[in-house]
Amino acid sequence: MKPLHLVAACVLAAAVAGCSRPSPVAPPEAATTHRDEHTGWLGTPTPVTVPAARDARFPHFATSKSGKTLVLSWLEPVGAEGTFALRYAQWLGQGRWGEPVEVASGKDWFVNWADFPSVMPADEGPWAAHWLQQKPGGVYSYDVMVRLSADSGRTWSESRSPHTDGTATEHGFVSLTQTAAGPYAIWLDGRETAGEGHAHGADQHGSSGGAMTLRGAALQAKGAVDEGTEIDDRVCDCCQTDVATTAEGLVVVYRDRSADETRDILAARLVAGQWSTPVVVHADGWRINACPVNGPAIDARGQNVVVAWFTAPDQSRVRIAFSRDSGRTFAAPIEVAEGKVVGRVDVVLLDDDRAVVSWLAEGARGAAIRAQPFTQTGPAGPAVDIADADVARSSGFPQMAKIDGGLLFAWTATGSPALVRAVFAPLR
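Residues numbered from 1 in each chain as written. Predicted model: local features only at pLDDT ≥ 70, side-chain atom pairs only at ≥ 80, totals over all residues. Heavy atoms only, no water.

(A) Representation of the overall build of the protein within the structure. Along its length, the protein carries zero helices and 30 strands. Taking all 428 residues of the protein together, the buried fraction comes to 58%. Sequence separation of 24 or more characterises 55% of the internal contacts of the protein that already satisfy a separation of 6 or more. Taken as a whole, the protein presents about 16,200 Å² of accessible surface, with 49% of it coming from carbon and sulfur. (Helix = DSSP H or I, 4+ residues; strand = E, 2+ residues; numbered from the N terminus. Buried < 20%, exposed > 50% of the residue type's maximum accessible area, 1.4 Å probe, protein only. Contact = heavy atoms within 4.5 Å. Areas by Shrake-Rupley, 256 points an atom, 1.4 Å probe, with all protein chains shown as cover.)

This is the structure:
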């Protein structure tokens, strides 16, 4: 069995000389993608210029509830003082992005390969954005910070935090979404671990004291927040969360952490203002005394939900499971890939209820971003290698989004400098 990729979150201390913003980086040649031309379900991936400067990193896609507005956000170093900016661009169609917009910047940010900022657009009402801000108390003492925009992302409110506990602990792995009442944030909250720090022996990352919790809060006007709600009182310390909107309300997925260190994927539903008791998406039985830093992904349309995740109860695996009842229950999982898979999954649910899963796989060229469609009965086409990639932490988590009758992919190309890359491939 291959060694598991059990990795601790790391602070990046990169900075670039000079204060001027470099020009956007041209896309790679099409030859950097490699695939079978006769897959039947996906056209050839075409490189798309991303308006991010050299040494930008950690792209993130977010789409409005209608699917009409798509934004790509990223982190970009500015100046020579270790300052970073959160910037985004809106997809204009026909392979083009709008001009980049800066949401916020600072030199006291917690910059991390697995726990990255985001910008969430809205069809109506405020947009939302988040990033992580370091605070005194230790390397892993940082807060979630949010800003709202009342003019579709052109200008932004003052910065505030969605949590008010004030503890010098971890708060991160945020999922932003939109509800009928406005923006909503879900995050991992370390307030119960106060003063206990982290155990890093054998490259482990997890609290040595109280448990990490999962919390959610509505983001009110002018950036204010409500007091928030505890969704789960014991979860994995550093795996991403994800959230989707069903016909009945929100569904959040995350990696649990039981008393015997079983770390399977759970789902909880927000219906009529109340969070349900979480349910297990599938009992993989993966017991591991460390956080794998490899969270699940979810998408939904009406009452149909799909969840993709990485697990390794016996060997490294990627799985998906479907729900037809807005996430109350899930069918038996479908095996997507096994063996030389790193995980770092994403998933989109198409209008015909096919689900496309993407993941990072080890291969002859080092690694590849791979994608494959599935129905509730199994594969709906062969796996496709979208682009060459890297398994290094600095490569982050590849992103996938559905737009304009196709799929957009974005990732961090490692090197000096790092580059944000993207390709578009039409669906067939």
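Alright, that's what it looks like, and here's the rest.
(B) A look at the environment of Lys-107. Structurally, Lys-107 is set in the loop between β6 (101-106) and β7 (118-120). Sequence-wise, Lys-107 and Ala-80 are 27 residues apart; in three dimensions their C-alpha atoms are separated by 10.0 Å. Filtering out sequence-adjacent residues up to four positions away, Lys-107 remains in contact with Glu-81, Gly-82 and Thr-83.

(C) Molecular detail of unusual backbone geometry. With omega at 10 degrees, the peptide bond leading from Ser-416 into Pro-417 counts as cis. By the element assignment, Pro-417 lies in the loop between β29 (406-413) and β30 (419-426). If you check the backbone angles, Val-293 has positive phi at about 50 degrees while not being a glycine. In this structure, Ser-326 is a non-glycine residue whose phi angle is positive, near 60 degrees. Mapped onto the elements, Ser-326 comes out in the loop between β21 (317-323) and β22 (334-338).

(D) Just the side chain of Ser-395, in detail. Note on placement: Ser-395 falls in the loop between β27 (384-388) and β28 (399-403). Note on Ser-395: relative accessible area 4%, which makes it buried. Among the polar contacts made by the side chain of Ser-395, one reaches the side chain of Arg-344 at a distance of 2.9 Å. Leaving out residues up to four positions away in the same chain, Ser-395 has contacts with Arg-344, Asp-390, Thr-412 and Thr-414. (Polar contact = N/O pair within 3.5 Å; in protein donor to acceptor, adjacent residues only side chain to side chain.)

(E) Spatial organisation of the pairing of β27. With respect to burial, β27 is a largely interior element, four of its five residues being buried. Strand direction decides the pairing type here: strand β25 (residues 366-375) and β27, joined by four bridges, are antiparallel. Opposite Ile-369, over in β27, you have Ala-387 as the bridge partner. (Pairing = 2+ DSSP bridges.)

(F) Region of the structure containing the sheet that holds strand β13 (residues 229-235). Here four strands make up an open sheet; going across it, the order is β10-β11-β12-β13 and the pairing antiparallel. Strands at the two margins of the open sheet, each flanked by one partner only, are β10 (171-179) and β13. The sheet shows a mean angle of 15 degrees between the axes of neighbouring strands, taken without regard to direction. With six bridges connecting them, strand β11 (residues 182-189) and strand β12 (residues 212-218) associate as antiparallel partners. In the sheet register, Asp-189 faces β12, and the bridge partner there is Thr-213. (Axes fitted to C-alpha atoms, helices over the stretch in contact; angles between N-to-C directions.)

(G) Quick peek at the sheet that holds β30. Strand order in the open sheet made by the four strands is β1-β30-β29-β28, with antiparallel pairing throughout. The outermost strands of the open sheet, each flanked by one partner alone, are β1 (46-47) and β28. For β28 and β29, the ladder comprises five bridges, and the chain directions are antiparallel. Bridge assignment links Met-400 to a residue of β29, and that residue is Phe-409.

(H) Summary view of the pairing of strand β3 (residues 70-78). Along β3, eight of the nine residues are buried, which leaves the element largely enclosed by surrounding structure. In this structure, the hairpin formed by strand β2 (residues 57-63) and β3 is closed by a connection of six residues, where Gly-67 is found at a positive phi of approximately 85 degrees. By the bridge criterion, eight bridges tie β3 to strand β4 (residues 83-93) in an arrangement that is antiparallel. Counted as the bridge partner of Trp-74 is Arg-87 from β4. With antiparallel pairing between neighbouring strands as the criterion, β3 and β4 make up a hairpin whose turn holds four residues, including Gly-79 at a positive phi of roughly 80 degrees.

Shape is all these values report; function is a separate question.
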